Amino acid sequence: MNEVNILIVDDDAILCEALSDVVEMKGGYSTERAGTAREALRKAGERFFNVALLDLTLPDMEGIDLLRQLRQLHEAMQIIILTGHTSLEKAAEAVRQGAFACLIKPSSSEEIMGAIQRALAK
Amino acid sequence: MTSEDEGPARGVVIMGRYLNDAEIERLAEIAYMPLELYRLDADMPSDVQSIRPSLSEETPIAMKPLSGDAIAGYSLLTDIYGEPILILKAEMPRDIYQKGQESMRYFLIGLLCVGVVLGGVTVLILERSVLSQLARLSASVKRIGSSGDLSTRLSMPGKDELSVLAGSMNGMLEALQHSQQELQKYSGELERMVEDRTRELREAQEKLVRAEKLAAIGEVAGGIAHELRTPLAAIKLSADFLEAKLEGTADEKAIKHLVFLKKEVDACNKTINDLLDFARPAKPGTEQLDINEIVRSVIQASTLPQNVKAATDLATGLPPVTADASHIRRALSNLILNAVQAMPDGGQLTLSTAQKGKFIEVKVTDTGVGVPEENLGKVFEPLFTTKAKGIGLGLVIAKASIERQGGTIEVESQVGKGTTFTVRLPVGEEALHE
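The rules behind the values
- Residues numbered from 1 in each chain as written.
- Chains lettered and ligands numbered in written order.
- Predicted model: local features only at pLDDT ≥ 70, side-chain atom pairs only at ≥ 80, totals over all residues.
- Helix = DSSP H or I, 4+ residues; strand = E, 2+ residues; numbered from the N terminus.
- Buried ≥ 20, exposed ≤ 12 C-beta atoms within 10 Å, placed from the backbone.
- Contact = placed C-beta atoms within 7 Å.
- Nonpolar A, V, L, I, M, F, W, Y, C, P; charged D, E, K, R; others polar.
- Pairing = 2+ DSSP bridges.
- Axes fitted to C-alpha atoms, helices over the stretch in contact; angles between N-to-C directions.
- Parallel < 35°, antiparallel > 145°, perpendicular 65-115°, else oblique.
- Left-handed = near helix turned anticlockwise from the far one by under 90°.
- Arc of directions from axis to C-beta.

Visitor: Explanation requested: the overall build of chain A in the structure shown.
Guide: Check the secondary structure of chain A and you find five helices and five strands. In chain A, the succession of helices and strands from N to C terminus is β-α-β-α-β-α-β-α-β-α. Among the 122 residues that make up chain A, the fraction classed as buried is 41%. Restricting the contact set of chain A to residue pairs at least 6 apart, pairs at least 24 apart contribute 58%.

Set out below in structure tokens:
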């Protein structure tokens, strides 16, 4: 079976790293980290990611726009939003734009792993 | 010529007498009045001269008052040829006139005396019956005027004009007093109205300040929440990572501390969520809720200390309330948390429900330390807390949650006895018809 690649996009480097460690250890997936939307798009252009974990607030772009562009690059890529905002409107907009799930920080590793597994099963 | 004076006269006998002073004197004695004779061809005194023209053969007698004491009579005497020759003047004292004058004087004096006496008596009577009464009336009126006491009445016994006047004045006083009372009433009402408006204005202003404070907190909270949630997420994930890594090793203490970390992250997150409730404009819910069901589930979900006993007194047959269940739950759980924190040494927590008209009432009662009266108004103010724990938002959130659902929340408390929070929520139909 092919390797599962997960892209983690958050401007908080520590969160990025913690998340990638948890995902690698608990799911056995390989991860890539990006601190900006531009970096994320570049990495997504280089290879396919099964799942992307996106923060909605990025320094160079709104998470929703990144979500749209990533979906244009890889239609099969499943996107999970991980945000500190609890705005229902933003979450609804993300889902409308094709997000698989929307998680509110601080989510536990169980919640995140559960979402990733459901996204992969789709 | 006969003795009957008939027949022709045969001759004339003339007899005479000297009209000298002695004769005049004799005549005066006979007449009992002084007599004087003046020849017309000689000098005459002025009074005789002045009377002379009015004497003639036709009017041989004239009278003339000489003074207040005497009057004179004048008579023209003729000689034997019928020619005027003498004027006889007879002077008479005016006794009757003088008596008349005297009588008049006595009469006048008498009249004056009687007048004075009558006047005095009249004045006395007037003084007794009218003037003293008038003075009394005047004094009473003056007293009322100076004291301003319109309840005083004038007392004037009798049935005369003065008592009628006093009665009229009493009537006027009555009317004045009535007007004064009306005025006082109006003035009182006016003052009350001004007070009411002032209080309403102050309350509105306080409400505005509170709303502004809430909005400011909400805005700050929204920003802080996002900033805090990311590091909290990182802490949580790191703890998860370590926990998974240490799993199977014997280091239970390390694992226990990782659990502490995660629990504290959750506690931080709860505070953030509470803060965020201000930033989020919640709309009134439309769910039809069984309030008893919510009360039961909230108590079940609450972790109560061992020394706090919980009881419920739930009315049956309550109509549903239209609201957002999560808001009502949050409000009630905050009230329960507050009650528990008010009973550090244990006590009784009671939740009761009842229908009061168009509202469902939920009471949360504790037997805790109570809130001093001066702090009662502040318990719903943001950041007001007397507890070492908490940031003073629990009750504010409870209030905001209830009010956003069209309800009200009130607090009563007695220091040392406990506190009761009363939540009123509109009954379903009522809320639907709004």
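Visitor: Mind showing me how you'd approach the overall build of chain B here?
Guide: Of regular secondary structure, chain B possesses ten helices and eleven strands. Here chain B holds 434 residues, and the buried ones make up 20% of them. A separation threshold of at least 6 residues defines the contact pool for chain B, and within that pool the share at least 24 residues apart is 64%.

Visitor: In this structure, what is going on with the interface of chain A and chain B? I would like to understand it.
Guide: Where the parts come together, the accessible area they lose is often given as the size of the interface. Each partner contributes to the interface: chain A provides 17 residues, whereas chain B provides 16 residues. It is helix H1 (residues 13-27) of chain A that contributes the most residues to the side of chain A that touches chain B, eight residues altogether. Taken together, the residues of the side of chain A that touches chain B break down into seven nonpolar, six polar and four charged.

Visitor: Explanation requested: the sheet that holds strand E8 (residues 347-356) of chain B in the structure shown.
Guide: Paired through backbone hydrogen bonds, the strands of a sheet run either parallel or antiparallel to each other. Residue and element names in this part refer to chain B. Read across the open sheet, the five strands follow the order E6-E8-E9-E11-E10; overall the sheet is mixed. The outermost strands of the open sheet, each flanked by one partner alone, are strand E6 (308-314) and strand E10 (408-414). Each adjacent strand pair in this sheet contributes to an overall mean axis angle of 15 degrees, direction not counted. Along the sheet face, helix H9 (residues 394-404) touches E10 and strand E11 (418-426) and points at about 140 degrees away from the line of E10.

Visitor: Explanation requested: the packing of helix H7 (residues 325-341) of chain B against H9 of chain B in the structure shown.
Guide: Residues and elements named next belong to chain B. At a minimum axis separation of 8 Å, H7 and H9 run at an interaxial angle of 150 degrees. In this view, H7 runs roughly antiparallel relative to H9, as classed from their interaxial angle. Of the two elements, H7 crosses H9, and the hand of that crossing is left-handed. Residues His 327, Arg 330, Ala 331, Asn 334, Leu 335, Leu 337 and Asn 338 of H7 lie in contact with H9, whose contacting residues are Gly 394, Leu 395, Ile 397, Ala 398, Ser 401, Ile 402 and Arg 404. For the contact of H7 with H9, a count of residues per class yields seven nonpolar, five polar and two charged.

Visitor: Help me out: how do you make sense of helix H3 (residues 63-73) of chain A in this one?
Guide: Side chains of residues three or four places apart in an α-helix project in the same direction, reflecting 3.6 residues per turn. Residues and elements named next belong to chain A. Listing the buried residues of H3 in full gives Gly 63, Leu 66, Leu 67 and Leu 70. Across the axial projection of H3, the buried residues extend over an arc of 105 degrees, all falling on one side. The inward-facing, buried residues of H3 abut strand E1 (5-9), helix H2 (37-46), strand E3 (51-54), strand E4 (78-83) and helix H4 (88-96).

Visitor: I tried to follow the pairing of strand E2 (residues 61-65) of chain B on my own but got confused; where do I start?
Guide: A regular strand carries its side chains on alternate faces of the sheet. Residues and elements named next belong to chain B. Of all five residues making up E2, only zero are buried, and the element is barely covered by its neighbours. Summarising the sheet, E2 and strand E3 (residues 70-78) pair through five bridges and their orientation is antiparallel. The partner of Ile 61 across the bridge, within E3, is Ser 75. Taking the residues between adjacent antiparallel strands as the criterion, E2 and E3 are bridged by four residues.

Visitor: Please explain the environment of Leu 76 of chain B as it appears in this structure.
Guide: Residue and element names in this part refer to chain B. Here Leu 76 shows up in strand E3. As a C-alpha pair, Leu 76 and Leu 40 span 36 residues in sequence and 9.4 Å in three-dimensional space. Here Leu 76 is in contact with Leu 55, Pro 60, Pro 84 and Ile 87, once residues within four sequence places are set aside.

Visitor: What's the story with the environment of Arg 296 of chain B in this structure? I'm lost.
Guide: All names here are of chain B. Position of Arg 296 relative to the elements: it lies in helix H6 (residues 291-301). Here Arg 296 falls in the partly exposed class, since 14 other C-beta atoms lie within 10 Å of it. Taking C-alpha positions, Arg 296 is 9.1 Å from Leu 351, a pair spaced 55 residues apart along the chain.

Visitor: Would you mind showing me how to read the environment of Gly 114 of chain A here?
Guide: All names here are of chain A. Its location among the elements puts Gly 114 in helix H5 (residues 109-121). By the C-beta count within 10 Å, which is 14 here, Gly 114 ends up partly exposed. Distance from Gly 114 to Gly 27, taken between C-alpha atoms, is 9.9 Å for residues 87 residues apart in sequence.

Visitor: How do you make sense of the packing of H6 of chain B against H7 of chain B when you look at a structure like this?
Guide: Helix packing for two helices is described by the angle between their axes and how far apart those axes are. Residue and element names in this part refer to chain B. The contact between H6 and H7 brings their axes to 10 Å, and the two run at 50 degrees. It follows from the interaxial angle that H6 and H7 lie oblique. In the crossing of H6 with H7, the sense of the turn from one axis to the other is right-handed. Contacts between H6 and H7 involve Ile 294, Val 295, Val 298 and Ala 301 on the former and, on the latter, Ala 325, Ile 328, Arg 329, Leu 332, Ser 333 and Ile 336. A class-by-class count of the residues in the contact of H6 with H7 yields eight nonpolar, one polar and one charged.

Any functional reading would require information beyond the geometric quantities listed.
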